[in-house]
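# Inside the fold
Each chain is listed here by its residues.
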Amino acid sequence: MKKLTVLFLILALALSLASCSGDAEIPKGMQIASDEGVAYTLFVPSSWILTESSGIYGAYYSSSDRSSVNVSSFYPESDMASIDDYWSTCKASYAETYKNFSVISEAEQTLWGEKAALKYVFSADIDTVSYKFMQIIAVHNNMFYTFTYTSTPENYDSHYEDVDKMITEFIFK
């Protein structure tokens, strides 16, 4: 009886530790593109190539097609009370930095993972190459998080199904 009780306690402990571990189940055909040190889990297709630079996690499609995604975070200054305020600051910076900056759509309500967010689509030229961007912005733990999809206009739609799955499967911790 004593052995059965000990076995039951070990099993209960193992189950409780497993349920508290916070490990996300990796969706089929995807890989994790972030680490435990950030407040989210980003999943990308297994075929995409992972990147990380200064805590910004993402992935790109291939060496011949550099369509990419990344997630960044920003702690707002006191005058940025909303996503709209944050976007206005970003938009002004983009217009100053990029050639031929043009907004395609603004402030479209969407879901990012299970969080309400706003989606922005724009185009711009970097050096001599034209790009189309989609940014989804949400607030989590008093920080702005931005999911950015960047592609040439001719490749933008070809990766949209993958990108949509990344957005849907995203987890804020």
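Quick look at the structure, then. (Residues numbered from 1 in each chain as written. Predicted model: local features only at pLDDT ≥ 70, side-chain atom pairs only at ≥ 80, totals over all residues. Heavy atoms only, no water.)

## Topic: the pairing of strand β4 (residues 49–53)
As paired strands, β4 and strand β5 (residues 56–60) are joined by five bridges and run antiparallel to one another. Paired with L50 across the bridge in β5 is A59. Linking two consecutive strands that pair antiparallel, namely β4 and β5, is a turn of two residues; a positive phi of about 50° is found at S54 within it. (Pairing = 2+ DSSP bridges. Helix = DSSP H or I, 4+ residues; strand = E, 2+ residues; numbered from the N terminus.)

## What about the layout of surface pockets?
There is about 430 Å³ of room inside the largest pocket. As for the largest pocket, its lining consists of 21 residues, of which S68, N70, F133, T148 and T150 are closest to the centre. Residue assignment for the lining of the largest pocket shows that the elements contributing at least two residues are β5, β6 (68–74), α2 (83–97), β9 (129–140) and β10 (143–151). Here the lining of the largest pocket gets four residues from one element, more than from any other, and that element is β10. Of the residues in the lining of the largest pocket, the class split is eight nonpolar, 11 polar and two charged. (1 Å grid on protein atoms, 1.4 Å probe; cavity = no way out; pocket = protein on both sides within 12 Å on 5 of 7 lines; lining within 4 Å. Points joined across faces, edges and corners; volume = space filled by probe spheres on them. Nonpolar A, V, L, I, M, F, W, Y, C, P; charged D, E, K, R; others polar.)

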